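# Understanding the architecture of this molecule
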Amino acid sequence: MALMRDAGRIVAECHAIARELLRPGVTTAEVDAAVDRHLTTLGATPLFKGFPGDVPFPASTCISINSQIVHGIPGGYVLREGDLVSFDVGVKWKGWCGDAAWSYAVGQVDPEKTHLMAAGRYLLHRAIYNTAHMKKWSEVADDMTREARRLGVTLVKKFVGHGIGREMHEPPQVPNTMDRDLRRADFDLRPGLVLAIEPMVNAGKPDVKVLGDKWTAVTTDGKPSVHYEHTVGLTPNGPTLLTEGVGEPFDPLEPPVSPVP
Ligand code: MG
């Protein structure tokens with residue numbers, strides 16, 4: 001976990017670089033290039049570049065705008081005031097991996113996006129906090145599902161979190177909602193596990209379609225989506241953030257405050 005924390009620190013540096021650049025007039029390709037340069041300078045490996053699929057993923061970061069949920073390909077899109085940007089990056093450093101995503105506002109966003117962002121952050125923080133107080137992942141996922149419903153948002157089922165260590169994607173799968181199929185894949189929350197916990201949260205329906213570029217996943221109703229992810233180590237003293245510094249400061253041992261009472 002100490003070695004993974006070093007990878008996580010680099011992930012947080014990438015987020016700091018991206019966050020600084022997320023302004024009107026900047027293209028998503030420019031954001032990706034700045035992060036890629038940083039990783040090259042350090043000699044760290046960008047885990048998304050060349051990731052296998054129908055076509056290999058062509059960039060070091062995923063940048064997903066507004067109704068794009070995850071896996072957006074950085075390119076010529078010019079950021080505008082009011083855009084919602086989900087930025088995701090995975091890094092390998094000295095043989096160990098870190099992975100984190102966060103959704104950022106470009107300038108002022110509308111009330112629907114503001115609520116969605118608050119709800120998404122809360123659901124991630126609550127899931128992390130709950131790993132110390134629940135025995136099985138299914139309890140955490142069921143709680144997230146109930147809280148999402150209460151907040152008037154939906155959790156995407158199609159994509160899941162994952163174990164992470166020497167490889168970015170290791171068992172177990174970490175689904176954000178547990179239906180009958182996923183319940184077979186339930187697992188015990190035990191010290192020593194390291195999980196990438198990553199709820200994808202939609203303002204409208206939870207349904208997903210993938211664009212013709214074979215990567216970009218979007219909401220089918222065109223409503224906005226957010227993505228919040230930390231790499232989290234489970235210890236005998238509770239969860240610890242291995243990608244600390246990404247997003248707002250958060251103590252995983254303190255219960256997060258709901259945006260809606
Ligand atoms: Mg991930």
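For the structure itself, consult the block above.
Protein-derived coordination of the magnesium ion comes from Asp99 (OD), His162 (NE2), Glu198 (OE) and Glu229 (OE), at a distance range of 2.1 to 2.4 Å. For the magnesium ion, all donor residues lie on one chain, and their spacing in sequence is D-x62-H-x35-E-x30-E. Of this pair, His162 sits in strand β7 (residues 161-163) while Glu229 sits in the loop between β13 (225-227) and β14 (230-235), and the two are 67 residues apart along the sequence. Taking relative accessible area as the criterion, Glu229 reaches 0% and is therefore assigned buried.

Before going further, it helps to examine the side chain of His230. Assignment of secondary structure puts His230 in strand β14. The buried category is assigned to His230, whose relative accessible area is 0%. There is a polar contact of 2.8 Å between the side chain of His230 and the side chain of Thr243. Setting aside chain neighbours within four positions, we find His230 in contact with Asp99, Trp102, Leu124, Ile128, Leu195, Ala196, Ile197, Leu241, Thr243 and Val246.

In this section: the pattern of salt bridges. Proximity of charged atoms lets side chains of opposite charge pair with each other. Applying the stated criterion across every chain, the model contains 10 salt bridges. Residue Asp36 pairs with Lys49 through a salt bridge whose shortest N-O separation is 3.1 Å. Within this pair, whereas Asp36 is found in helix α2 (residues 28-42), its partner Lys49 is found in the loop between β1 (45-46) and β2 (62-65), the two being separated by 13 residues in sequence. Note on Asp36: relative accessible area 18%, which makes it buried. For Glu147, the salt bridge identified is with Arg126, shortest N-O distance 3.7 Å. Linking Glu147 in helix α4 (residues 137-151) with Arg126 in helix α3 (residues 111-130), this pair joins segments that are 21 residues apart in sequence. When salt bridges with common partners are traced through the structure, they connect Arg126, Asp143, Glu147 and Arg150 into a single cluster.

The subject of this paragraph is the packing of helix α1 (residues 2-21) against α2. When two helices pack together, their arrangement is captured by the angle between the axes and the distance separating the axes. Where α1 meets α2, the axes come as close as 9 Å, and the angle between the chain directions of the two elements is 150°. Where α1 crosses over α2, the handedness of that crossing is right-handed. Residues Ile10, Glu13, Cys14, Ile17, Ala18 and Leu21 of α1 touch α2, and the partners they reach there are Glu30, Val31, Ala34, Val35, His38, Leu39 and Leu42.

Over its 15 residues, α2 runs 22 Å from end to end, which matches the ideal 21 Å to within 8%, given 1.5 Å per residue. Listed as buried for α2 are Thr28, Val31, Asp32, Ala34, Val35, Asp36 and Leu39. Looking at the buried residues of α2, the elements they touch are α1, β1, β2 and β4 (84-93).

What follows covers the packing of aromatic side chains. As enumerated under the stated definition, the model contains 3 aromatic pairs in all. Relative to Trp215, the ring of Phe57 has its centre 5.2 Å away and its plane inclined at 90°; by these criteria the two rings are edge-to-face. One end of the pair, Phe57, is in the loop between β1 and β2; the other, Trp215, is in the loop between β11 (208-210) and β12 (217-219), with 158 residues separating them in the sequence. By relative accessible area, Phe57 is classed as buried at 3%. Where Trp137 meets Phe187, the ring centres are 6.2 Å apart and the plane angle is 5°; that geometry is what we call stacked.

The element β4 is largely enclosed, with a buried count of 8 among its 10 residues. Across 2 bridges, the pairing between β1 and β4 is antiparallel. Pairing of Thr45 across the sheet is with Lys92, part of β4. In this structure, β2 lies alongside β4, joined through 4 bridges in antiparallel fashion. Residue pairing for β4: Ile63 is matched across the bridge by Phe87. Taken together, β4 and the strand that follows it, strand β5 (residues 96-105), pair antiparallel across an intervening segment of 2 residues, in which Lys94 is found at a positive phi of about 50°.

Rules behind the numbers
- Residues numbered from 1 in each chain as written.
- Predicted model: local features only at pLDDT ≥ 70, side-chain atom pairs only at ≥ 80, totals over all residues.
- Heavy atoms only, no water.
- Donors = N, O, S within 2.8 Å, 3.2 Å for Na, K, Ca; no water.
- Helix = DSSP H or I, 4+ residues; strand = E, 2+ residues; numbered from the N terminus.
- Buried < 20%, exposed > 50% of the residue type's maximum accessible area, 1.4 Å probe, protein only.
- Polar contact = N/O pair within 3.5 Å; in protein donor to acceptor, adjacent residues only side chain to side chain.
- Contact = heavy atoms within 4.5 Å.
- Salt bridge = Lys/Arg side-chain N within 4 Å of Asp/Glu carboxyl O.
- Axes fitted to C-alpha atoms, helices over the stretch in contact; angles between N-to-C directions.
- Left-handed = near helix turned anticlockwise from the far one by under 90°.
- Expected span 1.5 Å × (residues − 1).
- Phe/Tyr/Trp six-rings, centres within 6.5 Å; stacked < 30°, edge-to-face > 60°.
- Pairing = 2+ DSSP bridges.

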